[in-house]
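# Observations on chain architecture
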Amino acid sequence: MSDKPVRVRFAPSPTGPLHMGGVRTALYNYLYAKKHNGTFILRIEDTDQTRFVEGAEDYIIEALKWCGITIDEGQSVGGEYGPYKQSERQEMYKPYAEQLIANGKAYYAFDTAEDLDKMRKQAIQMKMPNWQYNSLTRSSMQNSLTLPEDEVQRKLENGDPYVIRFQMPRNIDVRFEDEIRGWVVVNTNNVDDKVLFKSDGMPTYHLANIVDDHEMKITHVIRGEEWLPSAPLHVLLYEAFEWEAPKFAHLPLLLRPDGNGKLSKRDGDRLGFPVFPIDWLAVDGEKYSGYREQGYLPGAFINMLAFLGWNPGTTQEIFSLEQLVEAFSLERVSKAGAKFDADKTKWFQQQYLRAESESSLAKMLREEVGEAISDVSDAYLEQACHLMKERATFVEDIYTEGQYLFENPTEFDEKTLKKKWKDGAEDLMNEWAKELGSIEEFTSENIEKSFKAFLEAKEMGIGKVLPLFRLALTGKGMGPSMFEITALLGKEESLKRKETNIPAIVKLKG
Ligand code: GLU
């Protein structure tokens, strides 16, 4: 590796909400930068004005922020190499394109859209469907290689529309070493004379990308596999400019859970999981649902994403962002596509939820549920979170699964009612309630002790009595420790519930 300071960029085009695959690209860039004490740059590649979508740039910034990926240089934070948005660098690119023309590496092409269309149609008629503007066909087109020089000048002075194309050399093998894939060799016969500069006065992605990477002193280009076919052209462009090329690393695709093809919004909609970091509402009203709004914690999302295409080589699965920085390397990024796994994603979320402190869960729960728990004390809420967090996937579940901690239940689990509530249950529960009422210090330990003594005296097993107790107090067939629940509800509330619920259950039983 060269000893230049590591500078990487995430270079999305603001064409809509950022897919989670894009977030993973940003994450790997960020991890690589931080691991090597380098700089993570956000560059907005908005040269294709036809695909520009209002709000997409803000979406990208907000999504990265939610994930905890901090931008070192970018339009929103500044930096020495700005502007970091290509539309604001527009003036910079043309001289570079002209430099390539002067060096004989590129040329002006004046062909109109109709001309090109005609050539394509003719080729189809001649059973050659893949017509390309390339080393074989360029000699029969309208460009500065075929037209007399004075005509070219005249056209330029007239303001005739033109594009600037790269003069792709014929039949050479372009080689470069990809950090993930190893040596990549592509023959130029399969590559056309790509447009570098468009008739609208804007550079294409290829030119702007190379110029900016050079000017911003990018050392490593870490991007999605879909850009691999562009890499040979980029390598040739670096050569044409006589610039040192950065290192390339093309990341594996994110695949559908069944491994058949790229993970798309449609798969997410069909299978019920988000494919985007945060919600997005398109102008046509289409909704793109995000992990944030579904209740995922950013740490869980990032941890899951890091593992889609990378592994640490150990069995450890839970990594904070800092730990990911520590453990990350491009060598451990796989070439093969990474299958998305919705269950594993939930698992990560559960692990992260459990790792949260009770006080932070309580705070989040207040934000989610609001009104319904506004008169619950912090201490009570924290204890409720402590009891429920093992059973919850999302913060909200603490309330929905543990609603009985906040309100007296009005429904009673049918299965328990049918299987456990036998003759004598009513008397048994009334007797137990009396015991409960006599406990002085109403702690879970004391309640447990008293319950065990009660069982002993009755010569009954726990499996017969505890479900009745749970049903009467919570309405449920299952849940966390009944002794802790009862202690949390308190003596007064527990006895009050017994008064209302036992008759209600008896009535239900009929
Ligand atoms: N603008 C390209 C994109 O939208 C950037 C590709 C690259 O990183 O070179 O992904």
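The rules behind each value
- Residues numbered from 1 in each chain as written.
- Predicted model: local features only at pLDDT ≥ 70, side-chain atom pairs only at ≥ 80, totals over all residues.
- Heavy atoms only, no water.
- Helix = DSSP H or I, 4+ residues; strand = E, 2+ residues; numbered from the N terminus.
- Buried < 20%, exposed > 50% of the residue type's maximum accessible area, 1.4 Å probe, protein only.
- Contact = heavy atoms within 4.5 Å.
- Areas by Shrake-Rupley, 256 points an atom, 1.4 Å probe, with all protein chains shown as cover.
- Lys, Arg positive; Asp, Glu negative; His and termini not counted.
- Charge placed at Lys NZ, Arg CZ, Asp CG, Glu CD.
- Near = heavy atom within 4 Å.
- Polar contact = N/O pair within 3.5 Å; in protein donor to acceptor, adjacent residues only side chain to side chain.
- Pairing = 2+ DSSP bridges.
- Expected span 1.5 Å × (residues − 1).
- Arc of directions from axis to C-beta.
- Axes fitted to C-alpha atoms, helices over the stretch in contact; angles between N-to-C directions.
- Core = buried A, V, L, I, M, F, W, Y, C linked by side-chain atoms within 4.5 Å.
- Salt bridge = Lys/Arg side-chain N within 4 Å of Asp/Glu carboxyl O.
- Phe/Tyr/Trp six-rings, centres within 6.5 Å; stacked < 30°, edge-to-face > 60°.
- Lys NZ or Arg CZ within 6 Å of the ring centre and 35° of its normal.
- Parallel < 35°, antiparallel > 145°, perpendicular 65-115°, else oblique.
- Nonpolar A, V, L, I, M, F, W, Y, C, P; charged D, E, K, R; others polar.

For the protein, the count of helices and strands is 20 helices and 14 strands. Oriented by its inertia axes, the alpha-carbon framework of the protein measures out at about 110 × 50 × 40 Å. Counting every position in the protein, which comprises 510 residues, the buried fraction comes to 49%. Summarising the internal contacts of the protein: among those between residues at least 6 apart in sequence, 71% fall at separations of at least 24. In the form shown here, the protein has an accessible surface area of approximately 25,300 Å², with 48% of it arising from carbon and sulfur atoms. Taken together, the 64 basic and 82 acidic charged side chains of the protein have centroids lying 5 Å from each other.

On to unusual backbone geometry, then. Cis rather than trans, the peptide bond between Gly82 and Pro83 has omega equal to -10°. Residue placement: Pro83 occurs in the loop between β3 (73–74) and α3 (90–102). Even without glycine at this site, Asn171 takes up a positive phi of about 50°. Mapped onto the fold, Asn171 is located in the loop between β5 (163–166) and β6 (173–178). Note on Asn171: relative accessible area 48%, which makes it partly exposed. At Glu242, a residue that is not glycine, the phi angle is positive and equals roughly 60°. Looking at where Glu242 falls in the secondary structure, it is placed in the loop between α7 (231–241) and β10 (247–251). Judged by relative accessible area, Glu242 falls into the exposed class, the value being 73%.

Take the site of the ligand next. In the region of the ligand, the neighbouring residues are Arg9, Ala11, Pro12, Ser13, Glu45, Tyr205, Asn209, Arg223 and Trp227. Within the side chain of Ser13, a nitrogen or oxygen atom sits 3.0 Å from a nitrogen atom of the ligand. Here an oxygen atom of the ligand and a side-chain polar atom of Asn209 are 3.0 Å apart. The protein chains hide 85% of the 290 Å² of surface that the ligand would expose on its own.

Let's shift gears to the pairing of β6. A one-sided burial pattern is seen for β6, the buried positions being Val174, Phe176 and Asp178 and the unburied ones Asp173, Arg175 and Glu177. With 6 bridges connecting them, β6 and strand β7 (residues 182–187) associate as antiparallel partners. If you follow Asp173 over to β7, its bridge partner there is Asn187. Between β6 and β7, which pair antiparallel one after the other, the connecting turn spans 3 residues.

What follows concerns helix α18 (residues 444–458). Here α18 spans 21 Å end to end across 15 residues, near enough to the 21 Å set by a 1.5 Å rise per residue. When we look at burial in α18, the residues that qualify are Ser444, Ile447, Ser450, Phe451, Phe454 and Leu455. Within α18, the buried residues cover an arc of 140° as seen down the axis, which keeps them to one side. Looking at α18, the residues exposed on the side facing more than 90 degrees away from the buried face are Glu445, Lys449, Glu456 and Ala457. The inward-facing, buried residues of α18 abut α17 (425–437), α19 (462–474) and α20 (482–509). One or two positions beyond α18, positive phi appears at Glu459, with a value near 55°.

Spatially, the 3 strands line up as an open sheet ordered β4-β5-β8, and their pairing is antiparallel. Every other strand in the sheet has two partners, leaving β4 (106–109) and β8 (195–197) as the edge strands with one partner each. With strand direction ignored, the average angle separating the axes of adjacent strands in the sheet is 40°. With 2 bridges connecting them, β5 and β8 associate as antiparallel partners. Looking at β8, one finds that Ile164 is bridged to Phe197. Running at roughly 105° to β4, α3 makes contact with β4, β5 and β8 of the sheet.

The next thing to look at is the nonpolar core. Met20 and Leu405 are the most contacted members of the largest nonpolar core, which totals 109 residues. Here this core gets 9 residues from one element, more than from any other, and that element is helix α1 (residues 20–35). The next biggest cluster of nonpolar side chains, apart from the first, holds 39 residues, and it includes Ile41, Leu147, Phe176 and Leu207.

Below, the discussion takes up the side chain of Asp111. Tracing the sequence through the fold places Asp111 in the loop between β4 and α4 (113–125). We note that Asp111 is buried and unpaired, the nearest opposite charge coming from Arg165 at a distance of 5.2 Å. A distance of 2.6 Å separates a polar atom in the side chain of Asp111 from a polar atom in the side chain of Tyr133. Among the polar contacts listed, one links the side chain of Asp111 to the backbone nitrogen of Gln142, at a separation of 2.7 Å.

This paragraph deals with the environment of Gly79. In this structure, Gly79 sits in the loop between β3 and α3. Separated by 336 residues in sequence, Gly79 and Lys415 have C-alpha atoms that sit 64 Å apart.

Further remarks concern the packing of aromatic side chains. Under the criterion given, the structure shown has 33 aromatic pairs. Between Phe241 and Trp243, the aromatic rings sit 4.1 Å apart at their centres with planes inclined by 10°, giving stacked as the arrangement. Residue class for Phe241 comes out buried when judged on its relative accessible area of 5%. Exposure remark for Trp243: the relative accessible area of 15% places this residue in the buried category. Between Tyr291 and Tyr296, the aromatic rings sit 4.9 Å apart at their centres with planes inclined by 70°, giving edge-to-face as the arrangement. Residue classification places Tyr291 among the buried residues on the basis of a relative accessible area of 0%. Lying over the aromatic face of Phe348, Lys344 brings its terminal NZ or CZ to 5.7 Å of the ring centre.

Let us now look at the packing of α1 against helix α10 (residues 298–306). As a packed pair, α1 and α10 sit with axes 10 Å apart at the nearest point and diverge in direction by 85°. Put simply, α1 runs roughly perpendicular to α10. Across the interface between the two elements, Met20, Val23, Arg24, Leu27 and Tyr28 from α1 touch Phe301, Ile302, Met304, Leu305 and Ala306 from α10. Partitioned by chemical class, the residues of the contact of α1 with α10 number 9 nonpolar, no polar and 1 charged.

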